[in-house]
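This is what each chain is made of:
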Amino acid sequence: MTIRFVLIFVSTVIGLMAHQVTHASDRQAVAPSPQLLNDFRRVVIADGASKVQRAAADELAGYAGRVVGRKLDVTTFGKLAADAPGLSFFVGDDVAKRVLGKSPKPLKTEEWILRTVPNGLVLAGHDGDTDPWSISTPAGSMLAVYTLLEDHLGVRWFWPGEFGEHVPSRPDATLPVLNERRQPAFEIRSVQLGYSSIYHTPTFHDAERKWARRVRLGWVKSAVFGHSWEAAFDLRKGLTFREHPEWFALVNGKRQPPQMCTTHPEVISRMVDYVLNGKQNIMNISPSDGGGFCECDRCRALDVPGVLAADNKHVQLSDRIFTYANEVARRVREKNPAKGCGMFAYTYYNRPPLKITKLEPNLYLSFVFQSAAHRDPENLREWRESVAGWQALQAKLVVREGWGNHYYHDLPFLHDRQIIANLAESQRLGFVAAYGEGTKNFAATAPNYWALTHMLWDPQRDATNLMRDFYESAYGPAAKDMEAYFQAYNQALDSNWSKRDRNVDTNLIAYANLIGAWGKLIPREALDEADQHLKAAEAKASPGEYAGRVKFHRFGQDYTRVMWELLGNYRQLAELGVKLDTFTSVVKERRDAPAERDALLQRTYELGEQREQLLLAHRDWAGPDEGLYAYTNDAKIRQWHAAVKAALGIDKPTALTKQSLGKQ
C-alpha cells in the first residue's frame, strides 16, 4: 500500500466519521432542544434531489431568509463541510436518511415529516419529480416547508400575487422541538379560481398555481368526477347520436341528447369500457348537466312515485341514476378491482335512492351542495339528513362545493362561518376529499378563501381564532375596520337570507332565486355601511403592504357597487319589457313606462361599460373575474349588456372575449 493511498484512505474515513457525528441519527443520546432561527445557515438537499425537493429548498431558503433578515444558501449534502458552522434545514427523503440514520420510507401519499435533530431540522415527504407547482404532483417536502413557514414562522398567503402574502421580520424566532409525521385529512383539497385559465393572464395563472401550492392544496389522487357523457358518447360531434339514437333519452316522444337512456344495456356497456380505458384511477360516469332525462318506460319504472327532487317540482331520479351507476361500477370492479367510478349526487338525483340498499365499494360519490345555503337551518337539516341517507348505503363521500361560482356574479357573498363549520363536520362524517368552484375575485371574498384553504388543510383544527388571525395578519392597524367591512356584507346576508326569491321552491341555492334578489339580500344601506368601514381602514392602514391590501379591496368594492346596481337595473328593465333572457323568465311584474325605460337603459349602458373597464383594469390581480364575463360572450349566454346596447341602437363590440383578451 503506497503512502499516497494510505493518506487518501485515512482522510476519507475521518471525513465519514465527521459527517456521522455532525449528521447524527435520531438514536443519539443528545436530546433535541428548541432552536433559534438565527442559528440556521443553510438549506441542504441531496445531490440528486428531485424537482419538488429543489423547489421546496428554494422556497424555504427564500422565505426563512426574509423572516430572519439574511440570505440562506441552498447546498447539497455532498458539498456540506463536516465542520460547517450553525444549523441546517435538511430537505428531502434522501437527506433525511443520511441525517436520521434510517430511511423515512415507505411514505404514504402526500405524507410529510418535520423532525428536529441536534444539528437542525429535517423536512421531508412523499415527493414526485414532475412540475412542483402542479397540485397533482406529490410534494410532501413542500407541504412540510409550508407547514413550518406558516405554523411556526408566521408567513401568510392570503391570495395569489405579491401583495397577497405577508412575511414577518422575526430574527429572534425560536422553533420548538418538532416531531410530526402526517398525511392531509382530505385526500383531495382543491378550489378552481373562476373560469378556465384561457381567460386569465399568464401572470395571474402563475401566481394562482404558486398560491395553491403554498396554501397546501392538492389533487394527487388520480380521480375525476365530472359530467361524462359528452366524452363517452361524443356529444359534440354527434356521430354516436346519428349511429345509435336509441341510446339517448326519450323526451316528448323523441330521442335526443345530452342525456342518455340509463337502462339501455349498450349504454351500460359503453360506460364500462369508458371507465376501464380511462387514464384516471377513478373515472367519471356522471350524466350531462341540466335536465332532459329519459322518459322511456324502463327508466321511469325505476322512479319512486310521488317522491320529488330537491326543487320540489321534478320527480326524484336517484333510484334510476344510481341503478345505472351501481351496475357500471359492479361490472368495472369485476374486470379491474382497482378501478373506481366517480359519480355526482346532483340536482334531480342529489338525495339518496329509496330502493337501493348498498352502493358498490368502488363508487365514489361527489356530493354536490353549497354550504352558503346553511344560513337556512332547514337547509342544514336537509343536508345532514341526506348525508345520513348516503352513509346508510355505505357511500364513499366527497365534498363537491360551489364556494364562489357564477351564481354569485363576483359579489361579496361572504360565508366563512358556514365554510368552517361545514368542512369540519364533513370530515367528522367521513368525507374523504373536498373540491369545488370558486372565484378569482378575492378582492370581494378574501375571508371565504382563508377559511376554505385552512379548513381543507386541517379540518380538525380549533378554528376559534382562525378569522382573527386573517384580519390581524392581513391588515395590521386596519384589522378591526376591515373585519367590520366584510361583516357588513356577512350580516346583511344573515338578516335577509329569507327574503331571497322563490322562483324555484327549494332551500338549496338556486340561480333563479338569486339573480333578481340582490337588492333584497344586500340592501343599499349595507353597501354604504361597508363603504364607511373601508374608508376608516384606508385612513388607518400604514403605507406599504397594509395600505396596498386595503386599496385592493377598494377595487373590489368599486366593482361590487357597479355590479349591484347593474343587476337591479336588469331586473327593472325586464319589468319594463326589455328582453333580458334570465331576468325576463324570473320577473313576474310588468310595467309600461317608456320614459323611465329609456333613462334606465342609458344608465345601465354606462354601468355595463364601467363593468368592462373594471374587468380590464387589473387583470393580473386576484380581482373580479374577466373570464366569468368573457365566457358568457363566447357562449352567447346572459347577453344582458349586448341587449341593452341593441335597445339603444349602439353598435359597439365587447372587449371581453377569449380572442380579444388573448391580444391584450
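Coordinates for the structure precede this section.
Residues numbered from 1 in each chain as written. Predicted model: local features only at pLDDT ≥ 70, side-chain atom pairs only at ≥ 80, totals over all residues. Heavy atoms only, no water.

Colleague: Can you lay out the pattern of salt bridges for me, pointing to particular residues and giving the numbers?
Modeller: Scanning the entire structure with this criterion turns up 45 salt bridges. Arginine 331 is the salt-bridge partner of glutamate 327, the closest N and O atoms lying 2.8 Å from each other. In this pair, glutamate 327 and arginine 331 are both assigned in helix H10 (residues 318-335), 4 residues apart and thus about one turn of the helix distant. Its relative accessible area of 22% is what places glutamate 327 among the partly exposed residues. The partly exposed category is assigned to arginine 331, whose relative accessible area is 26%. (Salt bridge = Lys/Arg side-chain N within 4 Å of Asp/Glu carboxyl O. Helix = DSSP H or I, 4+ residues; strand = E, 2+ residues; numbered from the N terminus. Buried < 20%, exposed > 50% of the residue type's maximum accessible area, 1.4 Å probe, protein only.)

Colleague: Outline the side chain of glutamate 208, listing residues and values.
Modeller: Considering the arrangement of structural elements, one finds glutamate 208 in helix H5 (residues 202-214). For glutamate 208, which is buried and forms no salt bridge, the nearest opposite charge comes from arginine 209, at a distance of 8.0 Å. (Lys, Arg positive; Asp, Glu negative; His and termini not counted.)

Colleague: Please set out the sheet that holds strand S10 (residues 179-182) residue by residue, giving values where relevant.
Modeller: Here 6 strands make up an open sheet; going across it, the order is S3-S2-S4-S6-S5-S10 and the pairing mixed. The sheet is open, and its two edges are formed by strand S3 (73-76) and S10, each paired on a single side. In this sheet, adjacent strand axes meet at a mean angle of 20° when their direction is disregarded. Direction of pairing for strand S4 (residues 87-91) relative to strand S6 (residues 120-125): parallel, over a ladder of 4 bridges. Across the sheet, residue phenylalanine 89 finds its bridge partner in S6, namely leucine 121. The strands that helix H3 (residues 93-100) touches are strand S2 (40-45), S4, strand S5 (112-117) and S6; relative to S6, the one it contacts most, it runs at about 135°. (Pairing = 2+ DSSP bridges. Axes fitted to C-alpha atoms, helices over the stretch in contact; angles between N-to-C directions. Contact = heavy atoms within 4.5 Å.)

Colleague: Could you give an account of the layout of surface pockets, naming the residues involved and the relevant values?
Modeller: Reported here for the second largest pocket is a volume of approximately 440 Å³. Contributing to the lining of the second largest pocket are 23 residues, with Asp151, Arg182, Trp457, Asp458 and Arg461 lying nearest its centre. It is helix H4 (residues 140-153) that provides the largest number of residues to the lining of the second largest pocket, a total of 4 residues. When the residues that make up the lining of the second largest pocket are grouped by side-chain class, the tally is 6 nonpolar, 7 polar and 10 charged. (1 Å grid on protein atoms, 1.4 Å probe; cavity = no way out; pocket = protein on both sides within 12 Å on 5 of 7 lines; lining within 4 Å. Points joined across faces, edges and corners; volume = space filled by probe spheres on them. Nonpolar A, V, L, I, M, F, W, Y, C, P; charged D, E, K, R; others polar.)

Colleague: I'd love a proper account of H3, names of residues and values included.
Modeller: Looking only at H3, the buried set comprises Asp93, Val95, Ala96, Val99 and Leu100. On an axial view of H3, the arc spanned by its buried residues comes to 155°, and they lie on one face. Buried residues in H3 make contact with S2, helix H2 (51-68), S4, S5 and S6. In the segment just after H3, glycine 101 is the residue with positive phi, at about 85°. (Arc of directions from axis to C-beta.)

Colleague: Outline the environment of tyrosine 199, listing residues and values.
Modeller: With respect to the element layout, tyrosine 199 can be found in the loop between strand S11 (189-193) and H5. Distance from tyrosine 199 to glutamine 659, taken between C-alpha atoms, is 9.0 Å for residues 460 residues apart in sequence. What tyrosine 199 contacts, discounting residues up to four positions off in sequence, is Arg619, Glu626, Gly627, Ala630, Tyr631, Asp634, Thr657, Lys658 and Leu661. Separated by 2.7 Å, the side chains of tyrosine 199 and aspartate 634 make a polar contact. (Polar contact = N/O pair within 3.5 Å; in protein donor to acceptor, adjacent residues only side chain to side chain.)

Colleague: Account for the packing of aromatic side chains, with residues named and values stated.
Modeller: Taken as a whole, this structure holds 45 aromatic pairs when the rule is applied. A centroid spacing of 6.0 Å and a plane angle of 85° characterise the contact between phenylalanine 293 and tyrosine 348, whose relative ring orientation is edge-to-face. Here phenylalanine 293 is found in the loop between strand S14 (282-284) and helix H9 (297-301), whereas its partner tyrosine 348 is found in the loop between strand S15 (340-345) and strand S16 (363-369), with 55 residues between them in sequence. As far as burial versus exposure is concerned, phenylalanine 293 and tyrosine 348 are alike and both buried. Against the face of tyrosine 364 rests lysine 396, its NZ or CZ located 5.7 Å from the ring centre. Lysine 440 extends its terminal NZ or CZ atom over the ring of phenylalanine 204, reaching a point 4.9 Å from the ring centre. (Phe/Tyr/Trp six-rings, centres within 6.5 Å; stacked < 30°, edge-to-face > 60°. Lys NZ or Arg CZ within 6 Å of the ring centre and 35° of its normal.)

Colleague: Before we move on, could you go through the pairing of S6 and cite the residues and values that matter?
Modeller: Where burial is concerned, most of S6 is hidden: 6 out of the 6 residues are buried. One ladder, built from 6 bridges, connects S5 with S6; its direction is antiparallel. Looking at the pairing, tryptophan 112 lines up with glycine 125 of S6. The antiparallel hairpin formed by S5 and S6 contains 2 residues in its connecting segment.

Colleague: Which residues make up the sheet that holds S15, and what are the values?
Modeller: Judged by pairing direction, the sheet is parallel, and its 6 strands sit side by side in the order S11-S18-S17-S16-S15-S14 without closing on themselves. One side of each edge strand has no neighbouring strand; the edge strands of this open sheet are S11 and S14. Going across the sheet, the axis of each strand differs from the next one's by a mean of 25°, ignoring polarity. Relative to strand S17 (residues 396-402), S16 is paired through 6 bridges, and the arrangement is parallel. Residue pairing across strands places tyrosine 364 opposite lysine 396, the latter belonging to S17. Where H10 meets the sheet, it contacts S15 and S16, and its direction lies at approximately 170° from that of S15. Along the sheet face, helix H13 (residues 442-457) touches S11 and strand S18 (433-438) and points at about 165° away from the line of S11.

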